[in-house]
Amino acid sequence: GAVVSQHPSRVICKSGTSVKIECRSLDFQATTMFWYRQFPKKSLMLMATSNEGSKATYEQGVEKDKFLINHASLTLSTLTVTSAHPEDSSFYICSARSPDGLGEKLFFGSGTQLSVL
Amino acid sequence: SQQGEEDPQALSIQEGENATMNCSYKTSINNLQWYRQNSGRGLVHLILIRSNEREKHSGRLRVTLDTSKKSSSLLITASRAADTASYFCATDYTGTASKLTFGTGTRLQVTL
């Protein structure tokens, strides 16, 4: 099946620093990837849609300058949390559409737990 | 918000028992999907049911969909300790997975 790799799995950083999270489709090409944020024991909230070769589409309320998304190749999307603050601490998950059929299903990375001190 | 509601929020059962989780949603959909998430991990796709389907099976999983009530249920039969996880329904009104809306989740605990 399709495999999506995400890393790092865990990162602890100081307030004010930037953190980059990578999401790779290992055995298929993904023109579109999705970035979600999840708070403890809560549901996933879509942050943005990452489009290969073009600008990402952000959901309402998500700061574009805060959460920079780059999708430079068909297998890699990155999310950079710029000038991170404690309120940015969260679990971030990426996903890509299944490469088969209609692409209705999502394959997820294993997530990144970000802790900002 | 178009987020679906799931109930119960938490469910604790013994191994061998069946587990039933329910999902209600608000808008018309193209399909509804169920995902599983182990603690601190990503989600894994379990099953997809289309709006014109009423029931679907996959191994020990049985999903029903009632579009008139805008609700779905996930039944896990003969549960195992390894089924312990959070289960999320996700609704897709576009059919392209571009706007999957996830429910609030049910945390299932299966004890020996």
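Please refer to the structure placed before this passage.
The structure reproduced in this document is the subject of the present report.

Evaluated as defined, the whole model comprises two disulfides over all chains. Between the sulfur of A:C23 and that of A:C94 lies a disulfide, 2.0 Å long from S to S. Disulfide A:C23 to A:C94: torsion about the S-S bond roughly 85°, handedness right-handed. A residue pair is termed long-range when its members are at least 10 positions apart, and A:C23 in strand β3 (residues 19-25) and A:C94 in strand β9 (residues 90-97) qualify at 71 residues. We note that A:C23, like A:C94, is buried. Each disulfide pairs two cysteine sulfurs, and for B:C23 the partner residue is B:C89, the sulfurs being separated by 2.0 Å. Every disulfide takes its handedness from the sign of the S-S torsion; for B:C23 and B:C89 that torsion is 65°, giving right-handed.

This brings us to the layout of surface pockets. There is about 450 Å³ of room inside the largest pocket. Taken together, 24 residues form the lining of the largest pocket, with A:K41, B:Q37, B:S39, B:G40 and B:S86 sitting closest to its centre. Listed by contribution, the elements that provide at least two residues to the lining of the largest pocket are β9 of chain A together with β9 (85-92) and β11 (106-111) of chain B. The dominant element in the lining of the largest pocket, judged by the number of residues it contributes, is β11(B), at four residues. Of the residues that constitute the lining of the largest pocket, the class distribution is six nonpolar, 14 polar and four charged.

This part is about the interface of chain B and chain A. In this complex, chain B contributes 25 residues to the contact, which on the side of chain A involves 22 residues. Counting each side, the surface lost to burial between chain B and chain A is near 1700 Å², with a carbon and sulfur contribution of 52%. In this structure, the connection of chain B to chain A is made through one salt bridge. For B:R50, the salt bridge is made with A:E104, and the minimal N-O distance between the two is 2.5 Å. For the side of chain B that touches chain A, the secondary-structure elements that each account for two or more residues are β4 (31-37), β5 (43-50) and β9 of chain B. A per-class count over the side of chain B that touches chain A returns seven nonpolar, 13 polar and five charged.

Here the focus is the pattern of salt bridges. Residue and element names in this part refer to chain B. Inspection of the entire model under this criterion finds six salt bridges over all chains. Between K56 and E53 there is a salt bridge, with its nearest N and O atoms 3.9 Å apart. When its relative accessible area of 23% is taken as the criterion, E53 is described as partly exposed.

Here we come to unusual backbone geometry. The step from A:H7 to A:P8 runs through a cis peptide bond, and the omega angle for that step is 10°. Residue placement: A:P8 occurs in the loop between β1 (4-7) and β2 (10-13). With an omega of 0°, the peptide bond running from B:D7 to B:P8 counts as cis. As for its placement among the helices and strands, B:P8 is situated in the loop between β1 (5-7) and β2 (10-14). The phi dihedral of A:K41 falls on the positive side, at around 55°, and the residue is not glycine. The exposed category is assigned to A:K41, whose relative accessible area is 67%. Despite not being glycine, B:A78 has its phi angle at roughly 45°, a positive value. Look at B:A78 and you get partly exposed, because its relative accessible area is 39%.

Rules used throughout
Residues numbered from 1 in each chain as written. Chains lettered and ligands numbered in written order. Predicted model: local features only at pLDDT ≥ 70, side-chain atom pairs only at ≥ 80, totals over all residues. Heavy atoms only, no water. Disulfide = S-S within 2.5 Å. Helix = DSSP H or I, 4+ residues; strand = E, 2+ residues; numbered from the N terminus. Buried < 20%, exposed > 50% of the residue type's maximum accessible area, 1.4 Å probe, protein only. 1 Å grid on protein atoms, 1.4 Å probe; cavity = no way out; pocket = protein on both sides within 12 Å on 5 of 7 lines; lining within 4 Å. Points joined across faces, edges and corners; volume = space filled by probe spheres on them. Nonpolar A, V, L, I, M, F, W, Y, C, P; charged D, E, K, R; others polar. Contact = heavy atoms within 4.5 Å. Buried area = accessible area lost by both parts, 1.4 Å probe. Salt bridge = Lys/Arg side-chain N within 4 Å of Asp/Glu carboxyl O.

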